Amino acid sequence: MPLYTISTEEGVFSPEAKLALAWEITDFHCRLTGLDKDFVKIIFNTFPNGDGFVGGKVAAPAILTVLIRIGRSADYKKKMALELWTMIQRASGARDAQMLVAIQEAPASQAMEMGMIMPDVDGEPVLV
Amino acid sequence: MPLYTISTEEGVFSPEAKLALAWEITDFHCRLTGLDKDFVKIIFNTFPNGDGFVGGKVAAPAILTVLIRIGRSADYKKKMALELWTMIQRASGARDAQMLVAIQEAPASQAMEMGMIMPDVDGEPVLV
Amino acid sequence: MPLYTISTEEGVFSPEAKLALAWEITDFHCRLTGLDKDFVKIIFNTFPNGDGFVGGKVAAPAILTVLIRIGRSADYKKKMALELWTMIQRASGARDAQMLVAIQEAPASQAMEMGMIMPDVDGEPVLV
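Everything numeric in this text was worked out from a predicted model, so none of it was measured.

A.B. asks: Quick one: what's the story with the environment of Thr8(C), residue by residue and with numbers?
C.D. replies: Residue and element names in this part refer to chain C. Turning to its location among the elements, threonine 8 is positioned in strand β1 (residues 3-9). Between the C-alpha atoms of threonine 8 and valine 66, which are 58 residues apart in sequence, the distance is 15 Å. Dropping the residues within four chain positions of it, threonine 8 is found in contact with Phe13, Asn45, Thr46, Phe47, Pro61 and Ala62.

A.B. asks: Which residues make up the relation of the copies chain B and chain C, and what values go with them?
C.D. replies: For the pair chain B and chain C, the best superposition has an RMSD of 0.0 Å and corresponds to a rotation of 120° with a translation of 0.0 Å parallel to the axis. In symmetry terms, the pair is related by a three-fold rotation axis. Both copies present different contact surfaces, since only 4% of the interface residues of chain B are interface residues in chain C too.

A.B. asks: I'd like a rundown of the interface of chain B and chain C, residues and numbers included.
C.D. replies: Chain B puts 28 residues into the contact, and the matching count from chain C is 26 residues. Of all residues in chain B, Asp51(B), Phe53(B) and Leu100(B) bury the most surface against chain C, accounting for 26% of the area lost on that side. Linking Asp51(B) and Lys18(C) is a salt bridge whose minimum nitrogen-to-oxygen distance equals 2.5 Å. Counting only elements with at least two residues in the side of chain B that touches chain C, the list comes to β3 (52-54), β5 (62-69), α2 (74-92) and β6 (99-106) of chain B. For the side of chain B that touches chain C, the element with the most residues is β6(B), which contributes seven residues. Broken down by class, the residue content of the side of chain B that touches chain C amounts to 15 nonpolar, eight polar and five charged. When β3(B) meets strand β2 (residues 41-47) of chain C, the two strands line up antiparallel, connected through three bridges.

A.B. asks: How would you explain the packing of helix α1 (residues 15-33) of chain B against α2(B) if you had to name every residue and give the values?
C.D. replies: If you want to describe how two helices pack, look at the angle between their axes and the distance between the axes. All names here are of chain B. At a closest axis distance of 11 Å, the pairing of α1 and α2 adopts a crossing angle of 165°. With respect to their mutual orientation, α1 and α2 come out roughly antiparallel. Classified by chirality, the crossing of α2 by α1 is right-handed. Touching Leu21, Glu24, Ile25, Phe28, His29, Leu32 and Thr33 of α1 are Tyr76, Met80, Glu83, Leu84, Met87, Ile88, Arg90 and Ala91, all from α2. Here the residues of the contact of α1 with α2 sort into ten nonpolar, two polar and three charged.

Rules behind the numbers
- Position numbers for residues start from 1 in each chain and track the written sequence from start to end.
- Labels follow written order: the first chain is A, the first ligand is 1, and so on.
- The model is predicted, so local features are restricted to residues of pLDDT at least 70 and side-chain atom pairs to those at 80 or more, both for listing and for counting; the totals for chains, interfaces and linings are taken over all residues.
- The basis for every side-chain value is the complete set of non-hydrogen atoms in the structure, without hydrogens or water.
- Going along the chain from the N terminus, every DSSP run of H or I of four or more residues is numbered as a helix, and every run of E of two or more is numbered as a strand.
- Throughout, a contact is declared for two residues whenever any of their heavy atoms are within 4.5 Å.
- We place the copies in one frame by least squares, fitting the C-alpha atoms of every residue whose pLDDT is at least 70 in both.
- The buried area of a pairing is the accessible area, by a 1.4 Å probe, that goes missing from both parts when the two are put together, added over both.
- Here, a salt bridge means any Lys or Arg side-chain nitrogen found within 4 Å of an Asp or Glu carboxyl oxygen.
- Here the nonpolar group is Ala, Val, Leu, Ile, Met, Phe, Trp, Tyr, Cys and Pro; Asp, Glu, Lys and Arg are the charged ones; every other residue, Gly included, is treated as polar.
- Strands are treated as partners if at least two bridges between them are detected by DSSP.
- An axis is simply a line fitted to the C-alpha atoms; with a helix, the fit covers only the stretch in contact. Between two such axes, the angle follows the N-to-C directions and lies from 0 to 180 degrees.
- These descriptions rest on fixed angle ranges, namely under 35 degrees for roughly parallel, over 145 for roughly antiparallel, 65 to 115 for roughly perpendicular, and the rest for oblique.
- With the far helix as reference, a near helix turned anticlockwise by less than a right angle produces a left-handed crossing, and one turned clockwise produces a right-handed crossing.

As structure tokens, then:
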């Protein structure tokens, strides 16, 4: 973890745009947490026109969800959501009404990476 | 939020059926909560035959998950699950054994929509 | 529930490999919990090369997430994560740095299967 899932309609991101956004998010996340980059997993989930709805109408929602370990402060997570919102909006060109950013959590002990159960969040890193 | 994800095998829903179901869920959710419709995001996740399994066998699971803000009562969420079950089953024609409806939660402070951190759930709306 | 989602790049699993892995996970889960097999739902989420990132670079992440009912002990969930890690790694051939296994939870009362709200986890089953 983190596990980022970015869901947008086909055509929103070129391959180059995905790479640039994945790099920006990864860099941001690692500066924020001090994690090694390889812990950051990102999957782009691309759906055809007609599979995304906002307000009950066909639209092109731009959704970022991220699963992190429990243990960060509310203030830390608000800052994280705000920064991610800005990155996704700039990269996708989506309007406010199309967008959603949500942070989900699970105990570190319920996640494995690098062949190991993840350690608990240790103290509170500072946003550089 | 809410963020609805509806996962079914290819061919279960026509474009018209998706639109009708998205409208029905959105209308239901907004009557239940009093939210403005634009907060309701729905993504249909369509997988090819052979990518869905029930009981270890290739099947056509029909899965609805929805991510909402923490703060609703258990009774409220049970009613919500029951209503969603009925809508998905009617629209998809899936049998009981193929279906799953699950409500996931995150703190309002961990979600952004309309350019703002979401406010906490305020009191208990009534199912109209 | 459980609801398993297994996300890999196209070409990692043949249809036969998906079937074998789905069967292995389902059998494991039912031996662990005593659940009837039909409660186990698995969806393979396959993405094209260029849609998965590890450490900010295009890679082929191999991700398993599973949504279960709240109520299992931490030790139980660690064992579950370890066993699932082994199964996914053997089936996918992914390296440690590509992989992530995460267990998410929701209250039983927020899930429906077989037309019923799920009962609470009852006591602690033993890993056979």
